[in-house]
Amino acid sequence: MNLANIHSIRKSFFALRSLCHSPPDQTSWFQALDGTKWLHHMSGLLRASVRCVTALQTEGRAVIVHCSDGWDRTPQLVSLSQLLLDPYFRTLEGFQVLVEKEWLDFGHKMADRCGQGLGTTDVNERSPIFLQWLDCVHQLLLQFPCHFEFNLTYLLKLAEHTYSNLFGNFLANNMAERRKLKIKERTRSIWGYLRSHPTKFRNFLFVRRDDVLWPRFEVRDLLLWQDVYMGDTAAVSGKDVSGQAGSHEGSDNGQ
């Protein structure tokens, strides 16, 4: 599918962060945004997901998805495809199941990719792969505002707490490490926090539909996730993918 590797995504994200924290220049800002390639990378992911869905839904063919190692582009594509195909995964319960089975249990290296203390110190292993996927989900929610039971604030909190280390779900690299460290017993769960604020994170436009979603995926159809990348309390707080202190720190301490 010609999707970029983790190093290209990291480079693109650094360029995006630099742009979002630089003085605004209306004459060249959108050209500079295009130059970061961040929206191009998301366009490629959404395009590839639609290709998978077309094969399954329209052509009736099985699909095998696998990237170089199987824990970065693979969960991105598989989980996006399931969101497009199955309305269950667009519910609050289903989305939790999707993240747990395709990212946390599957073995995406959260600690290494997010630069956590439980991961490797090799900065070349860091890349905002899960954040990029959340951004793609954000694009879907913008295009289909009545098809998801959760709202944009829900996604914003997930993006923030992927890096905050306040919840155990995103600590360590895989299920075996989490069990060995007894993370579930020793930490709070992000899902319990999100469920405890049903009105704050629920999309009141939601109507359960069985439709398959066919999103637009050209770069011109995508929007910058300003609440995360440019907000006063940017969601990616604490340690960013470079392992340095973020420019903004979350102000709600998990609430």
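Residues numbered from 1 in each chain as written. Predicted model: local features only at pLDDT ≥ 70, side-chain atom pairs only at ≥ 80, totals over all residues. Heavy atoms only, no water.

**Structural notes on the nonpolar core**
1) Next: By size, the foremost hydrophobic cluster in this structure holds 62 residues, and its most contacted members are Phe95, Trp133 and Tyr229.
2) Next: The greatest single-element share of this core, amounting to nine residues, is contributed by helix α7 (residues 129-143).
3) Next: Leave out the neighbours within four places in its chain, and tryptophan 133 touches Gln76, Ser79, Leu80, Leu83, Phe95, Leu98, Val99 and Trp103. (Core = buried A, V, L, I, M, F, W, Y, C linked by side-chain atoms within 4.5 Å. Buried < 20%, exposed > 50% of the residue type's maximum accessible area, 1.4 Å probe, protein only. Helix = DSSP H or I, 4+ residues; strand = E, 2+ residues; numbered from the N terminus. Contact = heavy atoms within 4.5 Å.)

**What about empty space enclosed by the protein?**
1) Next: For the structure on display, the rule yields two cavities of 30 Å³ or more.
2) Next: Each pocket or cavity is described by its volume, and for the second largest cavity that value is around 50 Å³.
3) Next: Every residue lining the second largest cavity is listed: Leu3, Ala4, Ile9, His41, Leu45, Arg73, Gln76, Ile129 and Gln132.
4) Next: Those elements that place two or more of their residues in the lining of the second largest cavity are α3 (38-58), α4 (73-85) and α7.
5) Next: A per-class count over the lining of the second largest cavity returns five nonpolar, three polar and one charged. (1 Å grid on protein atoms, 1.4 Å probe; cavity = no way out; pocket = protein on both sides within 12 Å on 5 of 7 lines; lining within 4 Å. Points joined across faces, edges and corners; volume = space filled by probe spheres on them. Nonpolar A, V, L, I, M, F, W, Y, C, P; charged D, E, K, R; others polar.)

**What to know about the packing of α3 against α4**
1) Next: Direction vectors running N to C along α3 and α4 enclose 60°, while the axes themselves pass 9 Å from each other. Between α3 and α4, the crossing angle belongs to the class labelled oblique. For the crossing formed where α3 meets α4, the hand is right-handed. Counting all contacts with α3, which are made through Leu45, Leu46, Ala48, Ser49, Val50, Cys52, Val53, Leu56 and Gln57, the residues of α4 involved are Gln76, Leu77, Leu80, Ser81, Leu84 and Leu85. (Axes fitted to C-alpha atoms, helices over the stretch in contact; angles between N-to-C directions. Parallel < 35°, antiparallel > 145°, perpendicular 65-115°, else oblique. Left-handed = near helix turned anticlockwise from the far one by under 90°.)

**Topic: helix α1 (residues 6-20)**
1) Next: The end-to-end C-alpha distance of α1, which contains 15 residues, comes to 21 Å, matching closely the 21 Å that a straight helix rising 1.5 Å per residue would cover.
2) Next: Within α1, burial applies to Ile6, Ile9, Arg10, Ser12, Phe13, Leu16, Arg17, Leu19 and Cys20.
3) Next: Looking at the buried positions of α1, the neighbouring elements they touch are α2 (29-36), α3, α6 (110-114), α7 and α13 (226-229). (Expected span 1.5 Å × (residues − 1).)

**Structural notes on the pattern of salt bridges**
1) Next: All told, the structure shown has eleven salt bridges when counted by the stated rule.
2) Next: For glutamate 59, the salt bridge goes to arginine 51, with nearest N and O atoms at 3.6 Å.
3) Next: Classification of glutamate 59 as partly exposed rests on a relative accessible area of 38%.
4) Next: Close ionic contact of aspartate 72 with arginine 113 constitutes a salt bridge, the shortest N to O distance being 2.7 Å. Linking aspartate 72 in the loop between α3 and α4 with arginine 113 in helix α6, this pair joins segments that are 41 residues apart in sequence. (Salt bridge = Lys/Arg side-chain N within 4 Å of Asp/Glu carboxyl O.)

**Some remarks on the packing of aromatic side chains**
1) Next: Tallied over the full model, the rule gives 18 aromatic pairs.
2) Next: Look at phenylalanine 167 and tyrosine 193: their rings are 5.6 Å apart centre to centre, the planes differ by 20°, and that puts the pair in the stacked class. Within this pair, whereas phenylalanine 167 is found in the loop between α8 (152-164) and α9 (175-180), its partner tyrosine 193 is found in helix α11 (residues 190-195), the two being separated by 26 residues in sequence.
3) Next: Summarising the aromatic geometry, the rings of tyrosine 193 and phenylalanine 201 are spaced 5.8 Å apart at their centres and angled 70° between planes, so their arrangement reads as edge-to-face. Here tyrosine 193 and phenylalanine 201 have matching classes, each one buried.
4) Next: A connected cluster of aromatic rings, assembled from ring pairs, spans Phe95, Trp103, Phe130, Trp133, Phe148, Phe150, Tyr154, Phe167, Phe170, Tyr193 and Phe201. (Phe/Tyr/Trp six-rings, centres within 6.5 Å; stacked < 30°, edge-to-face > 60°.)

**Remarks on the packing of α7 against α8**
1) Next: Their axes nearest at 10 Å, the elements α7 and α8 cross at an angle of 175°. Classified by the interaxial angle, the pair formed by α7 and α8 is roughly antiparallel. Taken together, the residues of α8 that come into contact with α7 (itself represented by Phe130, Leu131, Leu134, Val137, His138, Leu141 and Leu142) are Leu152, Leu155, Leu158, Ala159, Thr162 and Tyr163.
2) Next: For the contact of α7 with α8, the per-class residue count stands at eleven nonpolar, two polar and no charged.

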